[in-house]
Amino acid sequence: MGRGKIEIKRIENVNNRVVTFSKRRNGLVKKAKEISVLCDAKVALIVFASNGKMTDYCCPSMDLGAMLDQYQKLSGKKLWDAKHENLNNEIDRIKKENDSLQLELRHLKGEDIQSLNLKNLMAVEHGVEHGLDKVRDHQMEFLMTKRRNEKMMVEENRQLSFQLQQQEMAIASNARGMMMRDHDAQFGYIVQPIQPNLQEKIMSLVID
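Novice: Before we go on, may I ask you to explain the overall build of the protein chain in this structure?
Specialist: Within the protein chain, the secondary structure is distributed over five helices and two strands. Counting the 208 residues in the protein chain, one finds 9% classified as buried. About 19100 Å² of surface is accessible on the protein chain, with carbon and sulfur atoms providing 59% of the total.

As structure tokens, then:
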């Protein structure tokens, strides 16, 4: 007995709807992979769930961007608005400008100049000379700054040496003063015990 025909309509039960979506989504991805391998077909699949979650698949032989571009060309439908078209044009312009700058840089380095005519070679020469002038100016500015810094360092060292010399002189002066005070104190202590009764002897001699 075969399976009964299922009426295709929205599944009202949320749980059943989620389960059915998961099964059929996986089936779609599986079929897309199979037809890509078996038939060498270019397949892209994008599925959005009701909650906004995305599932996508693209065959390994072609990326999704290239496939969408091909679809736009063959179907005649515009997938990108004018804003995106302008953005793509700007990207192409920047790429071309970058390639031109890379070529100009190689020319300034003396590379790939065999195909240049006399006018272009003179322009390259002018660019090299202009660059050398800027390098020399920057080098001169660097040297002048270095000399100014060296002079400032010499002056700072001189001031520090002078301050250190003043401090050393002050310390030496304080040390001499302390030594003299210690000497005076020691001399007074030694003289007094030698003749403790000197005043009494003098008085006795005067009386006699």
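Novice: Would you take a moment to explain the pairing of strand β2 (residues 54–58) for this structure?
Specialist: Along a regular strand, successive side chains alternate from one face of the sheet to the other. Residues Thr55 and Tyr57 point to one face of β2 and are all buried, whereas Met54, Asp56 and Cys58, pointing to the other face, are not buried. In the sheet, strand β1 (residues 44–48) pairs with β2 via five bridges, with the strands oriented antiparallel. Note on β2: the bridge partner recorded for Ile46 is Asp56. Adjacent in sequence and paired antiparallel, β1 and β2 are bridged by five residues, among which Gly52 carries a positive phi angle near 90°.

Novice: What is the right way to look at the nonpolar core in this model?
Specialist: Generally speaking, nonpolar side chains in soluble globular proteins are found buried as a group. In terms of nonpolar packing, the biggest core is built from nine residues, these being Val29, Ala32, Val43, Leu45, Val47, Tyr57, Cys59, Met62 and Met67. Secondary structure elements with two or more residues in this core: α1 (14–39) and β1. For Leu45, the residues in contact, after removing those within four places along its chain, are Leu28, Val29, Ala32, Thr55, Asp56 and Tyr57.

Novice: I tried to follow helix α2 (residues 64–75) on my own but got confused; where do I start?
Specialist: Since the α-helix packs 3.6 residues into each turn, any two residues three or four apart lie on the same face. Here α2 spans 16 Å end to end across twelve residues, near enough to the 16 Å set by a 1.5 Å rise per residue. Between the side-chain oxygen of the N-cap and the backbone nitrogen of Gly65 there are 3.1 Å, and the N-cap of α2 in question is Asp63.

Novice: Looking at this structure, how should I read the confidence of the model for the protein chain?
Specialist: Atomic detail in the predicted coordinates should be set aside for any region of low pLDDT. Here the protein chain averages 81 in pLDDT, and 83% of its residues register 70 or above. At the low end of the mean pLDDT range in the protein chain sits helix α5 (residues 198–207), at 56; at the high end sits α1, at 93.

Novice: Is there a simple way to explain the pattern of salt bridges in this structure?
Specialist: Two side chains carrying opposite charge are able to pair once their charged atoms lie near each other. Counted under the stated rule, the structure contains six salt bridges. The partner of Glu12 in a salt bridge is Arg10, with the nearest N and O atoms 3.2 Å apart. The same class applies to Glu12 and to Arg10, which are both exposed. Across the pair Glu155 and Arg158 runs a salt bridge whose closest N-O atoms are separated by 2.7 Å.

Novice: How do you make sense of a nonpolar patch on the surface when you look at a structure like this?
Specialist: On the surface, Ile46, Phe48 and Met54 cluster together into a nonpolar patch covering about 310 Å² of accessible area. Within the secondary structure, Ile46 is located in strand β1.

Novice: Got a minute to help me understand α1 in this structure?
Specialist: Over its 26 residues, α1 extends 37 Å from the first C-alpha to the last, a length consistent with the 38 Å expected when each residue adds 1.5 Å. When we look at burial in α1, the residues that qualify are Arg25, Val29, Ala32 and Ser36. With a side-chain oxygen lying 3.1 Å from the backbone nitrogen of Asn15, the N-terminal cap of α1 falls on Asn13. Once α1 ends, the next one or two residues include Asp40, with phi positive near 55°.

Novice: Help me out: how do you make sense of unusual backbone geometry in this one?
Specialist: Trans is the prevailing form of peptide bonds, just as negative phi is the prevailing case for residues other than glycine. The phi dihedral of Asp40 falls on the positive side, at around 55°, and the residue is not glycine. If you trace the backbone, Asp40 turns up in the loop between α1 and β1.

Novice: When you look at the layout of surface pockets in this model, what are you seeing that I'm missing?
Specialist: Over the atoms a probe the size of a water molecule is rolled, and this reveals where empty space is left. What the largest pocket holds in volume is close to 260 Å³. When grouped by side-chain class, the residues that make up the lining of the largest pocket number three nonpolar, one polar and five charged. For the second largest pocket, the calculated volume is near 210 Å³. For the lining of the second largest pocket, the leading source of residues is α1, giving five residues. The residue makeup of the lining of the second largest pocket, split by class, is five nonpolar, three polar and one charged.

Novice: Looking at this structure, I do not really get the environment of Lys30. What am I missing?
Specialist: For Lys30, the position within the fold is in helix α1. Between the C-alpha atoms of Lys30 and Tyr57, which are 27 residues apart in sequence, the distance is 9.7 Å.

Reading guide: rules and limits
- Residues numbered from 1 in each chain as written.
- Predicted model: local features only at pLDDT ≥ 70, side-chain atom pairs only at ≥ 80, totals over all residues.
- Heavy atoms only, no water.
- Helix = DSSP H or I, 4+ residues; strand = E, 2+ residues; numbered from the N terminus.
- Buried < 20%, exposed > 50% of the residue type's maximum accessible area, 1.4 Å probe, protein only.
- Areas by Shrake-Rupley, 256 points an atom, 1.4 Å probe, with all protein chains shown as cover.
- Pairing = 2+ DSSP bridges.
- Core = buried A, V, L, I, M, F, W, Y, C linked by side-chain atoms within 4.5 Å.
- Contact = heavy atoms within 4.5 Å.
- Expected span 1.5 Å × (residues − 1).
- Polar contact = N/O pair within 3.5 Å; in protein donor to acceptor, adjacent residues only side chain to side chain.
- pLDDT = per-residue confidence, 0-100.
- Salt bridge = Lys/Arg side-chain N within 4 Å of Asp/Glu carboxyl O.
- Patch = residues over 30% accessible without salt bridge, like charges linked within 9 Å, V, L, I, M, F, W, Y side chains within 5 Å.
- 1 Å grid on protein atoms, 1.4 Å probe; cavity = no way out; pocket = protein on both sides within 12 Å on 5 of 7 lines; lining within 4 Å.
- Points joined across faces, edges and corners; volume = space filled by probe spheres on them.
- Nonpolar A, V, L, I, M, F, W, Y, C, P; charged D, E, K, R; others polar.

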